[in-house]
Amino acid sequence: MATTADITVHVQTDALLSVLLTGRYRLIGDENCGVGIECLDCFDGGRPLGYYDSGLGPYSDPQVVNVDTIPALLAVATDHETTAHGPEGDSVDIPGVPDSIPRGRVIELVQSLGLDPRELVSFEIKGRSIEAVVYALNEQGGRYFEGDGPRAEIAKHRISIPITDASPSEES
Ligand SMILES: [Zn+2]
């Protein structure tokens, strides 16, 4: 039977360093003494990519990779970096599309829709609507959890703004 010590996780030092230095990843502890690793660029409503289970129970969301060693937790980040942000990804260069966009421009866009950028989880422009997910706020203006125990999730609202063919001057 394999013990934890028998399980070797192969993480290339160079790859790991370059991943950690992207500034994209964040470790976050929870009340079960576990540690999650999150990708800030794919920040999925607070759901971590991987979760180090301290023994009090794994993360119940099936999309989260549960691990029981720190190297395995870091390997989740290196895997994610190659699959989601690696050069072999499906990202292509299109002339006229900038490599990056200043954060201020994005904030202006979000604010023009009446949304608070600090409470924004995700934002998607579709053919017929703009779909946004924002954190739900309690009466004190703070975020709160829905559900119990490991299944608890930060409460969120989904917002759909239909796109019409009205000219901008007709908007109310
Ligand atoms: Zn990511």
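Residues numbered from 1 in each chain as written. Predicted model: local features only at pLDDT ≥ 70, side-chain atom pairs only at ≥ 80, totals over all residues. Heavy atoms only, no water.

### What to know about the sheet that holds strand β9 (residues 156–162)
Part 1: The strand order across the open sheet formed by three strands is β5-β6-β9, and the pairing between neighbours is antiparallel. The sheet is open, and its two borders are formed by β5 (120–125) and β9, each paired with just one other strand. Across the sheet, the axes of successive neighbouring strands diverge by a mean angle of 10 degrees, strand direction being ignored.
Part 2: Sheet topology note: the β5/strand β6 (residues 129–135) ladder contains five bridges and is antiparallel. For Glu124, the partnering residue across the bridge sits in β6 and is Glu131. (Pairing = 2+ DSSP bridges. Helix = DSSP H or I, 4+ residues; strand = E, 2+ residues; numbered from the N terminus. Axes fitted to C-alpha atoms, helices over the stretch in contact; angles between N-to-C directions.)

### Overview of the nonpolar core
Part 1: Leu16, Val19, Tyr25, Ile37, Cys39, Leu49, Val67, Ala72, Leu73, Leu74, Val76 and Ala77 form the largest nonpolar core, which has 12 residues in total.
Part 2: When contributions to this core are tallied by element, the ones reaching two or more residues are α1 (13–20), β2 (35–39) and α2 (70–85).
Part 3: With five residues, α2 is the largest single contributor of residues to this core.
Part 4: If sequence neighbours within four positions are ignored, Leu74 has contacts with Leu16, Leu20 and Ile37. (Core = buried A, V, L, I, M, F, W, Y, C linked by side-chain atoms within 4.5 Å. Buried < 20%, exposed > 50% of the residue type's maximum accessible area, 1.4 Å probe, protein only. Contact = heavy atoms within 4.5 Å.)

### Some thoughts on the packing of aromatic side chains
Part 1: A complete count under the given rule lists one aromatic pair for this structure.
Part 2: The ring of Tyr135 carries the charged tip of Arg143 above its face, separated from the ring centre by 3.9 Å. (Phe/Tyr/Trp six-rings, centres within 6.5 Å; stacked < 30°, edge-to-face > 60°. Lys NZ or Arg CZ within 6 Å of the ring centre and 35° of its normal.)

### Description of the layout of surface pockets
Part 1: A volume near 860 Å³ is recorded for the largest pocket.
Part 2: What lines the largest pocket is a set of 19 residues, among which Leu40, Asp41, Arg103, Leu120 and Val121 lie closest to the centre.
Part 3: If one sorts the elements of the lining of the largest pocket by residue count, helix α3 (residues 103–112) sits on top with four residues.
Part 4: Residue composition of the lining of the largest pocket, grouped by class: 11 nonpolar, one polar and seven charged.
Part 5: Each of two domains, domain 1 (4–85) and domain 2 (103–170), supplies a minimum of three residues to the lining of the largest pocket.
Part 6: Estimated volume of the second largest pocket: approximately 590 Å³. (1 Å grid on protein atoms, 1.4 Å probe; cavity = no way out; pocket = protein on both sides within 12 Å on 5 of 7 lines; lining within 4 Å. Points joined across faces, edges and corners; volume = space filled by probe spheres on them. Nonpolar A, V, L, I, M, F, W, Y, C, P; charged D, E, K, R; others polar. Domains from an automatic or database assignment.)

So yeah, pure geometry; function would need other evidence.
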